[in-house]
Amino acid sequence: MRFGRTLAFSVLLSSFSPAASWSAAAVSGYRVVATFPHSTADYTEGFLYADGLFYEGTGMDGRSRVVAYSPQTGIQVRSHAISPDLFGEGIVDWGPLLYEWTWQTGIGFIYDRATFRLVRQFRYTGEGWGMTHDDREIITSDGSATLRFRDPQTFAETRRLLVTDGGKPVQQLNELEWVKGEIYANVWHTNRIARISPKTGVVLGWIDLSGILSVAMKPSDPEAVLNGIAYDSQHDRLFVTGKEWPLIFEVKVVPKAVR
């Protein structure tokens, strides 16, 4: 998400004070380890690493697709566009499959990850934002402070998890990633990633990525914000990017004062 905010939504954002809300959990910084090319045409909604490739789900009506590409070159290996009247959102790998859902239409797709052949469609209620998974379930966000755990076979909700920091709900949870037994979540329109306990919903820590994209590289679109987390579990590599950003960054989480 998101494009075309309502007045009520703008009020919600203005009432959410990062300085006041992010005071309980410790804040870490980052060090850039490497950079990789990223298409500035892609409005990143879902992002993951598998099979030595980056997989991305992109948004915007008429531009939404799933794409797989080489990290080193950015060259596409395969791509699949969805209907132009659908706004693509998060993606998640599940075994040999790739799930993609949409923002407000309640329509999702399951593909064969190796070919992007459509296996089947599924339906759900509410908005679709981010997706990731643990060993048993798919975990989803909808822009609220609540994460939903879902049965991979039916996509039915099995339980909910309220995310809090210092006892306060953390709103605007967006793109998700499962990293070393924790849920990492972008918070929309911020430069921070929350590290969340999947058992309690408590924020265990924050990663502050302020300044990672230089002024010269920033897209002119104000909605082109940080929104993409991928993890290579085999080599313990963490990647981040954003909507229409020119680069993907491999980062190492470090104490806040160290760069």
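Reference entry: report on the structure contained in this document. (Residues numbered from 1 in each chain as written. Predicted model: local features only at pLDDT ≥ 70, side-chain atom pairs only at ≥ 80, totals over all residues. Heavy atoms only, no water.)

What follows is about the sheet that holds strand E11 (residues 138-141). Pairing between the strands of a sheet comes from backbone hydrogen bonds, and it takes one of two forms, parallel or antiparallel. Reading across the sheet, the 4 strands line up as E10-E11-E12-E13 and stay open at both edges, with antiparallel pairing between neighbours. Pairing within the sheet leaves two strands with one partner each, and these edge strands are strand E10 (131-133) and strand E13 (157-162). For this sheet, the mean inter-axis angle between neighbouring strands, taken without regard to orientation, is 25°. (Pairing = 2+ DSSP bridges. Helix = DSSP H or I, 4+ residues; strand = E, 2+ residues; numbered from the N terminus. Axes fitted to C-alpha atoms, helices over the stretch in contact; angles between N-to-C directions.)

To continue, consider the packing of aromatic side chains. Considering all chains together, one arrives at 20 aromatic pairs under this definition. With centroids separated by 5.0 Å and ring planes inclined at 65°, the aromatic side chains of Phe87 and Trp103 adopt a geometry described as edge-to-face. Taken together, the positions of Phe87 in the loop between strand E5 (76-81) and strand E6 (88-94) and Trp103 in the loop between strand E7 (97-102) and strand E8 (107-112) put the pair 16 residues apart, joining distant regions of the chain. Residue classification places Trp103 among the buried positions, given a relative accessible area of 11%. Both rings, one in Trp129 and one in Trp188, keep their centres 5.8 Å apart while their planes meet at 90°; by these two values the pair is edge-to-face. Here the residue Trp129 occupies a position in the loop between strand E9 (117-123) and E10, and Trp188 occupies one in the loop between strand E17 (182-187) and strand E18 (192-196), the gap between them amounting to 59 residues. Grouping residues by exposure puts Trp129 and Trp188 together as buried. Taken together through their ring pairs, the aromatic side chains of Phe36, Phe47, Tyr49, Phe54, Tyr69 and Phe239 make up a single cluster. Between Arg78 and the ring centre of Phe116, over which it is positioned, the NZ or CZ distance is 5.4 Å. The lysine or arginine in question, Arg159, covers the ring of Phe149, its NZ or CZ lying 3.7 Å from the ring centre. (Phe/Tyr/Trp six-rings, centres within 6.5 Å; stacked < 30°, edge-to-face > 60°. Buried < 20%, exposed > 50% of the residue type's maximum accessible area, 1.4 Å probe, protein only. Lys NZ or Arg CZ within 6 Å of the ring centre and 35° of its normal.)

For the rest of this paragraph, the subject is the pairing of E9. In this sheet, E9 lies alongside E8 in antiparallel orientation, the contact comprising 6 bridges. What sits directly across from Ile107, in E9, is Arg123. Between E8 and E9, which pair antiparallel and follow one another directly, the connecting turn spans 4 residues, one of which, Phe116, has a positive phi of 65°.

Turning to the layout of surface pockets, a few remarks are in order. Any space left empty among the atoms is revealed by the rolling of a water-sized probe across them. Within this model, the largest pocket holds a volume of roughly 360 Å³. Residue lining of the largest pocket: 25 residues in total, with Tyr49, Asp93, Glu177, Tyr231 and Ser233 positioned closest to the centre. Put simply, the parts of the chain that give the lining of the largest pocket at least two residues each are strand E2 (44-50), E6, E10, strand E16 (173-179) and strand E20 (226-232). With 5 residues, E16 is the largest single contributor of residues to the lining of the largest pocket. When the residues that make up the lining of the largest pocket are grouped by side-chain class, the tally is 11 nonpolar, 6 polar and 8 charged. (1 Å grid on protein atoms, 1.4 Å probe; cavity = no way out; pocket = protein on both sides within 12 Å on 5 of 7 lines; lining within 4 Å. Points joined across faces, edges and corners; volume = space filled by probe spheres on them. Nonpolar A, V, L, I, M, F, W, Y, C, P; charged D, E, K, R; others polar.)

It is worth spelling out the environment of Gly88 at this point. By the element assignment, Gly88 lies in strand E6. With near-sequence residues (within four places) excluded, Gly88 lies in contact with Glu45, Thr58, Gly59, Ser64, Ile82, Glu100, Trp101 and Thr102. (Contact = heavy atoms within 4.5 Å.)

Although it is not a glycine, Lys180 sits at a positive phi angle of roughly 50°. Since its relative accessible area comes to 60%, Lys180 is described here as exposed. A positive phi is found at Glu244, a non-glycine position, where the angle reads about 65°. Mapped onto the fold, Glu244 is located in the loop between strand E21 (237-242) and strand E22 (247-255).

We now examine the side chain of Thr44. With respect to the helices, strands and loops of the structure, Thr44 is situated in strand E2. For Thr44, a relative accessible area of 0% gives the class buried. Reaching out from Thr44, the side chain makes a polar contact with the backbone oxygen of Gly242 at a distance of 3.2 Å. If sequence neighbours within four positions are ignored, Thr44 has contacts with His38, Glu56, Gly57, Asn227, Gly228, Thr241, Gly242, Lys243 and Glu244. (Polar contact = N/O pair within 3.5 Å; in protein donor to acceptor, adjacent residues only side chain to side chain.)

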